[in-house]
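What follows is the residue order along each chain.
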Amino acid sequence: MNLLDLNQENIPNHVAIIMDGNGRWATKRNKPRVFGHNEGMKRVVDVVENSLTIGIKYLTLYAFSTENWKRPKKEIDFLMQILIKYIDEQLNRLISNGVKINILGDIEPLPDKVVDKINYAIDSTKSNSKLILNIAINYGSRQEILRAVNLAVKDGKEVSEEEFSSYLYTKDQPDVDLLIRPGGEKRLSNFLLYQMSYAELYFSDIYWPDFKMEELLEAVKWYQERNRRFGGLK
Ligand code: IPE
Ligand code: IPE
Ligand code: MG
């Protein structure tokens, strides 16, 4: 499969990925789980470049959920470190490739060093618009929806669907067209429940550290074969 096998008229605008299976990928190789996170980070670099190549405009990556705090501190610390490493190593490339970084979730509880780095990355890429890269960190869909409700209440008004969307972290962005979950699980794990109301859901048994261009193309091809009716007839 290559790029030419895709229908250029029907590239999904917004692709969201639950990057799952890092731990199991490592365990299968008798390595510590963090080894899988390290390899998974390389796929983050790849998927951003590949999305630019394919022409995806919005890419949302689930990096850390509000529930992932339940994990051992050592693993959490490693995930925070790897975020810093990603920005340190990739920021220049992101800037020159026209990628704009946007965060979904509440980053305030993260270590100061991580927060500063993230804010620096947001600021450095703010005038880009070729690809919007949403990184979901300390993100939970229920938290996001409750936050939106509370913001609306604070503004003292009843809101339309459109206004409600503007209270979400994905303000001004289109709904998710294609959700990809590698790693074998068929669940949403508190990810973008509102924005995925009409998304096409693609599940793969391949672990995230093995999810390369070939697999992304497969997913997009599969998406292009769907008949999206949105409740109507087609
Ligand atoms: C996904 O891989 C990465 C994060 C949740 C941060 P996992 O760490 O969940 O890997 P598995 O699912 O245990 O294999
Ligand atoms: C979802 O994966 C969160 C991220 C990929 C960041 P999990 O591994 O945390 O999800 P569950 O626990 O299998 O539902
Ligand atoms: Mg997992």
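Here the residue numbering is sequential within each chain, running from 1 through the sequence in written order. Key to labels: chains lettered from A, ligands numbered from 1, both in the order written. Whole-chain, interface and lining totals are the exception, using all residues; otherwise, since this is a predicted model, local features are given only for residues with pLDDT of at least 70 and side-chain atom pairs are given and counted only at 80 or more. The basis for every side-chain value is the complete set of non-hydrogen atoms in the structure, without hydrogens or water.

Chemist: Which parts of the structure should I look at to understand the overall build of the protein chain?
Modeler: Strands are runs of DSSP state E lasting at least two residues, helices are runs of H or I lasting at least four, and both sets are numbered from the N terminus onward. For the protein chain, the helix and strand inventory stands at seven helices and six strands. Going residue by residue from the N terminus, the α and β elements of the protein chain occur as β-α-α-β-α-β-α-β-α-α-β-β-α. Against the globule reference of 17 Å for 234 residues, the protein chain gives a C-alpha radius of gyration of 18 Å, in line with a compact fold. Classification of residues uses two cut-offs on accessible area relative to the type maximum, computed with a 1.4 Å probe and protein chains only: under 20% is buried, over 50% is exposed, and between them is partly exposed. Scored against the burial criterion, the 234 residues of the protein chain give a buried share of 48%. Whether two residues are in contact is decided by their heavy atoms: any pair within 4.5 Å suffices. Nonlocal contacts in the protein chain, meaning residues at least 24 apart in sequence, comprise 76% of its contacts between residues at least 6 apart. If you sum the accessible surface of the protein chain, you get close to 12300 Å²; carbon and sulfur atoms cover 49% of it. Averaged over its 33 positive side-chain charges, the protein chain has a centre that lies 5 Å from the centre of its 33 negative ones. Within these notes, the globule rule equals 2.2 Å times the number of residues to the 0.38 power, and the radius of gyration is based on C-alpha atoms. The accessible surface values rely on the Shrake-Rupley method and a 1.4 Å probe; as for residues, cover is taken only from the protein chains in view. In this tally, Lys and Arg are treated as positive and Asp and Glu as negative; His is ignored, and so are the chain termini. Working definition for charges: the position is that of NZ of Lys, CZ of Arg, CG of Asp or CD of Glu.

Chemist: Just checking my understanding: could you explain the packing of aromatic side chains for this structure?
Modeler: In this description, a pair of aromatic rings is defined by centroid distance and the angle of the planes. Aromatic pairs are defined between Phe, Tyr and Trp rings, using the six-membered ring for Trp, whenever the two ring centres lie within 6.5 Å; interplanar angles under 30 degrees are classed as stacked, those over 60 as edge-to-face, and all others as tilted. This structure, assessed with the given rule, holds ten aromatic pairs. Between the aromatic rings of Y139 and F191, the centroid separation amounts to 6.0 Å while the plane-to-plane angle is 90°, which identifies the pairing as edge-to-face. Here the residue Y139 occupies a position in strand β4 (residues 131–139), and F191 occupies one in the loop between β5 (178–181) and β6 (200–203), the gap between them amounting to 52 residues. Per residue, the accessibility class of Y139 equals that of F191, and both read buried. Taking the centre distance of 5.1 Å and the plane angle of 55° together, the rings of F164 and Y194 count as tilted. Residue F164 is found in helix α6 (residues 161–165), and its partner Y194 is found in the loop between β5 and β6; the two are separated by 30 residues along the sequence. Residue classification places F164 among the buried residues on the basis of a relative accessible area of 12%. Each member of the aromatic cluster is reached from another via a ring pair, and the members are Y62, Y139, Y169 and F191.

Chemist: Looking at this structure, I do not really get the sheet that holds β5. What am I missing?
Modeler: Hydrogen bonds between backbone groups are what pair the strands of a sheet, and the pairing can be parallel or antiparallel. In short, DSSP must find at least two bridges between two strands for them to pair. Read across the open sheet, the six strands follow the order β3-β4-β2-β1-β5-β6; overall the sheet is parallel. With partners counted over all chains shown, the strands left at the sheet margins are β3 (99–104) and β6, one partner each. Between one strand axis and the next, the sheet turns through 20° on average, direction left out of account. Pairing between β3 and β4: six bridges, direction parallel. Of the residues in β4, the one forming a bridge with I103 is I135. In the packing of helix α2 (residues 33–54) onto the sheet, contacts are made with β1 (14–18), β2 (58–65), β3 and β4, and the angle to β2 comes to roughly 165°. Axes, fitted as lines to C-alpha atoms, cover a helix only where it is in contact. Angles between the N-to-C directions of the axes lie from 0 to 180 degrees.

Chemist: Would you mind showing me how to read the side chain of N138 here?
Modeler: With respect to the helices, strands and loops of the structure, N138 is situated in strand β4. There is a polar contact of 2.9 Å between the side chain of N138 and the side chain of W69. Polar contacts involving the side chain of N138 include one to the main-chain carbonyl oxygen of D106, which spans 2.8 Å. Other than its neighbours up to four places away in sequence, N138 contacts F64, S65, T66, W69, G105, D106 and P109. Polar contacts here mean pairs of N or O atoms no more than 3.5 Å apart (in protein, one a potential hydrogen donor and the other a potential acceptor; neighbouring residues in sequence count only if both atoms are side-chain atoms).

Chemist: Looking at this structure, I do not really get the nonpolar core. What am I missing?
Modeler: Note on terminology: a nonpolar core comprises buried Ala, Val, Leu, Ile, Met, Phe, Trp, Tyr and Cys residues joined through side-chain atoms within 4.5 Å. Counting 48 residues, the largest nonpolar core has I17, V48, L59, L133 and I180 as the members making the most contacts within it. Ranked by the residues each element gives to this core, the list is headed by helix α3 (residues 73–96), at ten residues. Not counting the four nearest positions on each side in its chain, L133 is found in contact with V48, L59, L61, Y86, V99, K100, I101 and N102. Counting residues in hydrophobic clusters, the runner-up holds 13 residues, among them A16, A136, L192 and A199.

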